[in-house]
Amino acid sequence: MSDQTILAAEQISHLYPDGIHALDNVTLRLACESFVCLVGPSGCGKSTLLRILAGLLPPGAGHVLLDEQPITQPQRRIGIVFQKANLLPWRTVYGNLSLPLELAGMPVAERDERTLAMLNLINLEEFADTYPASLSGGMAQRIAIGRALIHDPQVLLLDEPFGALDALTREQMSEELLRIWARHRKTVLMVTHSIPEAVLLADRVLVMSPRPGRIVADVEIPLSRPRSLDLLHRPDFVALTERLRHSIRTAH
């Protein structure tokens, strides 16, 4: 992990047309190759913040910088994954993965090479010709992550990507994400409602206040890597989860 900042939000505020004040003066910086999780109560503006960082939603005030350059629209250098995989049902796993490369006009030979490499990374080579209706939720989310990574972005934004999965699959997907991140070392910002998930995955966890959302705590996670689910019952892991729970309960 580098100390160099790749993505920064400066004094971001946002008020929706219906009067909902989603964010208030949010400032954050993501270091290159860092893994940061964002937690907070429901409705505190986490998803709004991610959409602003991705260039999908203009902020009401403040600005976002990617490598010190302002973001005013979606960027190929930023990938985003939502809670729903949003796969195209009429395209196979291979077709869904390769879609961003097709839209970018990449030559067929290079597109095939990248798609096959991504199928290998997400361990779905044998499902290349399978359609989404036959996939489990965890497999669909692996494809969504692979699709976001396939054009080699510098930053990956994850908006509660495992929120719709059962507890066991969610734990398995956390380990999968750790494995993928270890291979590619992208800068990651992930929204999650699971405090253990945040501690397992992140270098830092940012805590947001109730709406209008503000960053009220920045908690370093000093657990060594590589990490696995074996950490979940260690005293230092449990202590970190309790510290984050206290930060969320007392946020205002």
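This text goes with the structure placed above it.
Residues numbered from 1 in each chain as written. Predicted model: local features only at pLDDT ≥ 70, side-chain atom pairs only at ≥ 80, totals over all residues. Heavy atoms only, no water.

Participant: Hey, could you run me through the overall build of the chain in this one?
Facilitator: Counting secondary structure elements, the chain contains seven helices and 10 strands. On C-alpha atoms alone, the chain measures out to a radius of gyration of 18 Å, which is about the 18 Å that the 2.2 N^0.38 rule sets for 252 residues. Each principal axis of the C-alpha atoms in the chain carries an extent, and together these give about 50 × 45 × 35 Å. Buried residues in the chain amount to 52% of all 252 residues. Here the chain displays about 11800 Å² of accessible surface, and carbon together with sulfur accounts for 52% of that area. Taking the 25 positively charged and 28 negatively charged side chains of the chain as two groups, their mean positions are separated by 3 Å. (Helix = DSSP H or I, 4+ residues; strand = E, 2+ residues; numbered from the N terminus. Rg over C-alpha atoms; globule rule 2.2 N^0.38 Å. Buried < 20%, exposed > 50% of the residue type's maximum accessible area, 1.4 Å probe, protein only. Areas by Shrake-Rupley, 256 points an atom, 1.4 Å probe, with all protein chains shown as cover. Lys, Arg positive; Asp, Glu negative; His and termini not counted. Charge placed at Lys NZ, Arg CZ, Asp CG, Glu CD.)

Participant: Any chance you could explain the pattern of salt bridges here in plain terms?
Facilitator: Should the charged atoms of two oppositely charged side chains come close, the side chains can pair. Counting across every chain of the model gives 14 salt bridges. Asp-236 is the partner of Arg-234 in a salt bridge, and the nearest nitrogen-oxygen pair spans 2.6 Å. Look at Arg-234 and you get partly exposed, because its relative accessible area is 35%. Among the residues examined, Asp-236 registers a relative accessible area of 35% and is labelled partly exposed. (Salt bridge = Lys/Arg side-chain N within 4 Å of Asp/Glu carboxyl O.)

Participant: Would you mind showing me how to read helix α1 (residues 46–53) here?
Facilitator: Count 3.6 residues to each turn of an α-helix, and residues three or four apart come out pointing the same way. Extensive coverage of α1 is indicated by the burial of six of its eight residues. For α1, the set of buried residues is Lys-46, Thr-48, Leu-49, Leu-50, Ile-52 and Leu-53.

Participant: Looking at this structure, I do not really get the pairing of strand β10 (residues 215–220). What am I missing?
Facilitator: Remember that side chains alternate between the two faces of the sheet whenever the strand is regular. Here strand β9 (residues 204–208) runs beside β10; their pairing, made up of five bridges, is antiparallel. What sits directly across from Arg-204, in β10, is Glu-220. Where β9 hands over to β10, the hairpin turn is made up of six residues, counted between the paired strands. (Pairing = 2+ DSSP bridges.)

Participant: Whenever I open this one, the packing of helix α2 (residues 93–103) against helix α4 (residues 137–149) confuses me. Can you help?
Facilitator: Each pair of packed helices can be summarised by the angle the axes make with each other and by the distance between the axes. The contact between α2 and α4 brings their axes to 7 Å, and the two run at 30°. Judged on the interaxial angle alone, α4 and α2 are roughly parallel. Viewed along their axes, α2 and α4 form a crossing whose handedness is right-handed. Every residue of α4 that contacts α2 at Val-93, Asn-96, Leu-97 and Pro-100 is listed here: Ile-143, Gly-146 and Arg-147. In the contact of α2 with α4, the residues fall into four nonpolar, two polar and one charged. (Axes fitted to C-alpha atoms, helices over the stretch in contact; angles between N-to-C directions. Parallel < 35°, antiparallel > 145°, perpendicular 65-115°, else oblique. Left-handed = near helix turned anticlockwise from the far one by under 90°. Contact = heavy atoms within 4.5 Å. Nonpolar A, V, L, I, M, F, W, Y, C, P; charged D, E, K, R; others polar.)

Participant: Help me understand the sheet that holds strand β4 (residues 61–66), please; the structure alone is not making it clear to me.
Facilitator: Strand-to-strand pairing in sheets goes through backbone hydrogen bonds, with the strands running parallel or antiparallel. Read across the sheet, four strands follow the order β2-β1-β4-β5 without closing on themselves; strand pairing throughout is antiparallel. Strand pairing shows two members of the sheet lacking a second neighbour, β2 (21–31) and β5 (69–70), which therefore form its edges. The strands that α1 touches are β1 (5–15), β2 and β4; relative to β2, the one it contacts most, it runs at about 55°.

Participant: I tried to follow the environment of Gly-45 on my own but got confused; where do I start?
Facilitator: If you trace the backbone, Gly-45 turns up in the loop between β3 (35–39) and α1. With a relative accessible area of 9%, Gly-45 lands in the buried category. Taking C-alpha positions, Gly-45 is 13 Å from Leu-206, a pair spaced 161 residues apart along the chain. When neighbours within four sequence positions are excluded, Gly-45 is seen to be in contact with Ala-22, Leu-23 and Met-208.

Participant: It is not clear to me how the nonpolar core should be interpreted in this structure. Could you clarify?
Facilitator: Membership of the largest hydrophobic core comes to 53 residues, with the highest contact counts inside it found for Phe-35 and Met-190. Top contributing element to this core by residue count: α4, with seven residues. When neighbours within four sequence positions are excluded, Met-190 is seen to be in contact with Phe-35, Val-36, Cys-37, Leu-38, Leu-158, Pro-161, Phe-162, Leu-177, Glu-197 and Leu-201. Grouped together as the second largest cluster of nonpolar side chains are 28 residues, Ile-12, Leu-23, Val-36 and Val-64 included. (Core = buried A, V, L, I, M, F, W, Y, C linked by side-chain atoms within 4.5 Å.)

Participant: Would you explain the sheet that holds strand β6 (residues 78–81) in this entry?
Facilitator: Taking strand neighbours across the sheet as the criterion, the six strands line up as β6-β7-β8-β3-β9-β10 in an open arrangement whose pairing is mixed. Looking at which strands have only one partner, the edges of the open sheet turn out to be β6 and β10. Averaged over all neighbouring strand pairs, the angle between strand axes comes to 15°, with direction disregarded. Strands β3, β6, β7 (155–159), β8 (187–191) and β9 of the sheet are contacted by α1, whose axis makes an angle of about 155° with β7.

Participant: I'm lost on the side chain of Asp-159 in this one. Help?
Facilitator: For Asp-159, the location among the structural elements is in strand β7. Overall, Asp-159 belongs to the buried group, its relative accessible area being 7%. Side-chain polar atoms of Asp-159 contact the side chain of Ser-47, separated by 3.0 Å. Of the polar contacts made by the side chain of Asp-159, one reaches the side chain of Arg-51; its length is 3.0 Å. (Polar contact = N/O pair within 3.5 Å; in protein donor to acceptor, adjacent residues only side chain to side chain.)

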